[in-house]
Amino acid sequence: MQKPEELMKAMDMLVYVRLLGLFVYFIIASQGAFYLLLGFAKAMSNVSSDTFLEVRSATDLVIGGRLRIFYISALLLLLLWIGMSFAGGSYHCCYFVILAFLLLAADITLALRVSIPINKLLNNDMLTGSGGITGLQEKWLFYILIRGALCITGFILLLLDTVRSPSVIAD
């Protein structure tokens, strides 16, 4: 059984875990917002396959590694958030966090099973100039929109959790 002082320290740490979790999830959701809400997917569907390949390759080189770190960090932070909530007896308050975690896991699953394999195909020099690129371009954009919607929804759930129990942040 935890002493009251230890429990208070853990709950104080939960504030920082929640803030950092919100920030990291925001970064991931912002990619979805960029494609879905700001219309970058529409812009990318209106460019030629060669331009799409060029932009995708350049973008992946710059943000691919960073996004992987944010995805892993978000998963770990959400697990920590959930674990600390349960340890502090607030398990009834973290339903939204659990749902956000599941949405992020679904996004990662789609990335691993669909988006990354498509990226590998798109990066294959054998496809250059072939008509198959257009189909892959449409498929990639379709799945990035689904993934974006998952992450935006997860972020909104985390915000709802924060609004629902603001005392944890405000203390």
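Residues numbered from 1 in each chain as written. Predicted model: local features only at pLDDT ≥ 70, side-chain atom pairs only at ≥ 80, totals over all residues. Heavy atoms only, no water.

Participant: How should the overall build of the chain be read in this particular structure?
Facilitator: What the chain contains, in helices and strands, is six helices and zero strands. Secondary structure elements in the chain, listed N-terminal to C-terminal, are α-α-α-α-α-α. Split into buried and exposed, the 171 residues of the chain put 38% on the buried side. Here the contacts in the chain between residues at least 6 apart in sequence split such that 82% fall between residues at least 24 apart. Surface summary for the chain: the accessible area is close to 9,800 Å², and the carbon and sulfur share equals 70%. (Helix = DSSP H or I, 4+ residues; strand = E, 2+ residues; numbered from the N terminus. Buried < 20%, exposed > 50% of the residue type's maximum accessible area, 1.4 Å probe, protein only. Contact = heavy atoms within 4.5 Å. Areas by Shrake-Rupley, 256 points an atom, 1.4 Å probe, with all protein chains shown as cover.)

Participant: Any chance you could explain the environment of F142 here in plain terms?
Facilitator: Secondary-structure assignment places F142 in helix α5 (residues 132-164). The exposure class of F142 is partly exposed, given its relative accessible area of 49%.

Participant: Sorry if this is basic, but what is going on with the nonpolar core here?
Facilitator: The nonpolar side chains of a soluble globular protein tend to be buried with one another. Among the nonpolar cores identified, the biggest contains 27 residues, and Y25, Y71, L78, W81, V97, L104 and L158 are the most heavily contacted of them. Residue assignment for this core shows that the elements contributing at least two residues are α1 (4-36), α3 (49-87), α4 (95-122) and α5. Per-element accounting of this core gives the leading share, eight residues, to α3. Once residues within four sequence positions are removed from consideration, V97 is found in contact with L78, W81, I82, L158 and D161. (Core = buried A, V, L, I, M, F, W, Y, C linked by side-chain atoms within 4.5 Å.)

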